[in-house]
Amino acid sequence: MNMVKIKKVDRRAEYYWSKVKSQGSKYSEFNWPSVEVLLNLVYTYDVVSGHMAQQTSPYGITKAGFSVLMILSRSESKSCKQNEISQLMLVSRANITGLVDSLVRLGLVERTSDPLDRRVNMVKILPKGEKLLKDLLPGYYKRVHSICSVFTAAEKKILNDLLTRLRGRTSEINA
């Protein structure tokens with residue numbers, strides 16, 4: 001039996017590159033190359049992020065939970081103030097509370113009061129969380145390398161430089 005692999009049609013690409021372009025052209029300020037860059041950036045992030053979530057989900061954690069564990073494991077004390085995690089992840093304090101709650105329930109982290117300021121919560125990675133990362137990271141990094149293997153080392157440097165410039169310009173505009 002001859003199996004033919006059917007490529008999944010991505011309706012988002014069709015929408016972005018036809019509808020957005022035609023609708024945007026109604027505005028004199030519309031610049032398709034600029035819009036295309038940002039759409040490509042956001043769209044690519046969504047595709048890659050969804051793909052990488054497949055690496056963490058078999059371990060019972062979300063991408064955000066994985067990020068918290070990575071922040072904690074990279075910390076010298078293996079712990080961090082909860083509000084610092086929120087700042088590093090660019091999420092609200094309410095969201096980080098729920099996220100940490102779920103990691104506590106899984107036995108991956110513990111939350112304690114800061115001995116110097118009881119209003120401050122400290123989050124510490126537990127041995128079970130460290131083991132999860134030890135098991136997960138080899139495959140995760142292999143997948144990251146595989147995804148980025150489409151670029152040469154020089155292209156990766158150029159892309160990183162371009163993205164840094166884009167972030168810098170966005171920060172200038174927001175200032």
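Residues numbered from 1 in each chain as written. Predicted model: local features only at pLDDT ≥ 70, side-chain atom pairs only at ≥ 80, totals over all residues. Heavy atoms only, no water.

As for the overall build of the protein
Cut-off, in case you're wondering: What counts as a helix is a DSSP run of H or I of at least four residues, what counts as a strand is a run of E of at least two, and both are numbered from the N terminus. Radius of gyration: over C-alpha atoms. The globule rule applied is 2.2 Å multiplied by the number of residues raised to the 0.38 power. Working definition: with a 1.4 Å probe on protein chains only, accessible area under 20% of the residue-type maximum means buried, over 50% means exposed, and in between means partly exposed. In what follows, residue pairs with any heavy atoms lying within 4.5 Å of each other are defined as contacts.
A count of helical and extended segments in the protein gives seven helices and three strands. Secondary structure of the protein in N-to-C order comes out as α-α-α-β-α-α-β-β-α-α. Over its C-alpha atoms the protein spans a radius of gyration of 21 Å, topping by over 25% the 16 Å that the globule rule assigns to 175 residues. With respect to the three principal axes, the spread of C-alpha positions in the protein is 60 × 60 × 30 Å. Burial status across the protein gives 24% buried among its 175 residues. Contacts spanning at least 24 positions in sequence make up 51% of the contacts within the protein whose residues lie at least 6 apart.

Describing the side chain of Ser79
Quick note on the threshold: Polar contact is defined as a pair of N or O atoms within 3.5 Å, subject to the rule that within protein one atom must be able to donate a hydrogen and the other to accept it, and that residues adjacent in sequence are counted only when both atoms are side-chain atoms.
Examined against the element boundaries, Ser79 turns out to sit in strand β1 (residues 79–81). Of the polar contacts made by the side chain of Ser79, one reaches the side chain of Ser77; its length is 2.9 Å. Non-local contacts of Ser79, meaning those with residues more than four positions away in its chain, are made with Leu72, Met122, Val123 and Lys124.

Here's the deal with the environment of Lys63
Among the secondary structure elements, Lys63 is positioned in helix α3 (residues 63–74). Setting aside anything within four residues of it in sequence, one finds Lys63 in contact with Tyr45, Ser49, Ala53 and Thr56. Side-chain polar atoms of Lys63 contact the side chain of Ser49, separated by 2.3 Å.

Looking at the sheet that holds strand β2 (residues 109–114)
Operational definition: A pair of strands is considered paired only if DSSP assigns at least 2 bridges between the two. A fitted line through C-alpha atoms represents every axis, and for helices the fit uses only the stretch in contact; the resulting angles, taken between N-to-C directions, go from 0 to 180 degrees.
If you walk across this open sheet you meet the three strands as β1-β3-β2, and the pairing is antiparallel. With partners counted over all chains shown, the strands left at the sheet margins are β1 and β2, one partner each. Here the strands of the sheet are splayed against their neighbours by 30° on average, with no regard to which way each runs. As defined by bridge partners, β1 adjoins strand β3 (residues 117–125) across three bridges and the pair is classed as antiparallel. Note that in β3 the partner of Cys80 across the bridge is Val123.

Observations regarding the packing of aromatic side chains
Formally: Pairing of aromatic rings covers Phe, Tyr and Trp, the last counted by its six-membered ring, and requires centre-to-centre distances within 6.5 Å; plane angles under 30 degrees mean stacked, over 60 mean edge-to-face, and any other angle means tilted.
Going through the model one piece at a time under the given rule, you end up with three aromatic pairs. Relative to Tyr141, the ring of Tyr140 has its centre 5.9 Å away and its plane inclined at 75°; by these criteria the two rings are edge-to-face. Assessed through its relative accessible area of 42%, Tyr141 is described here as partly exposed. Of the aromatic side chains, those joined through ring pairs into one cluster are Phe66, Tyr140 and Tyr141.

A few points about a nonpolar patch on the surface
Rule in force here: What makes a patch is a set of residues exposed beyond 30% relative accessible area and free of salt bridges, joined within 9 Å when like-charged and within 5 Å when nonpolar (Val, Leu, Ile, Met, Phe, Trp, Tyr). For every accessible area listed, the method is Shrake-Rupley and the probe measures 1.4 Å; residues are considered covered only by the protein chains on display. The salt bridge definition used is simple: a Lys or Arg side-chain nitrogen within 4 Å of an Asp or Glu carboxyl oxygen.
On the surface, Val37, Leu38, Leu41 and Val42 cluster together into a nonpolar patch covering about 340 Å² of accessible area. Note on placement: Val37 falls in helix α2 (residues 32–56).

A closer look at the pairing of β2
In this sheet, β3 lies alongside β2 in antiparallel orientation, the contact comprising six bridges. For Asp114, the partnering residue across the bridge sits in β3 and is Asp117. Between β2 and β3, which pair antiparallel in sequence order, lie two residues.

A closer look at the pattern of salt bridges
All told, the structure shown has six salt bridges when counted by the stated rule. Asp135 is the salt-bridge partner of Lys131, the closest N and O atoms lying 2.8 Å from each other. On the criterion of helical spacing, the pair formed by Lys131 and Asp135 is a turn pair, its members being four residues apart in helix α6 (residues 127–148). Judged by its relative accessible area of 39%, Asp135 is partly exposed.

That is the geometry; function is a separate question.
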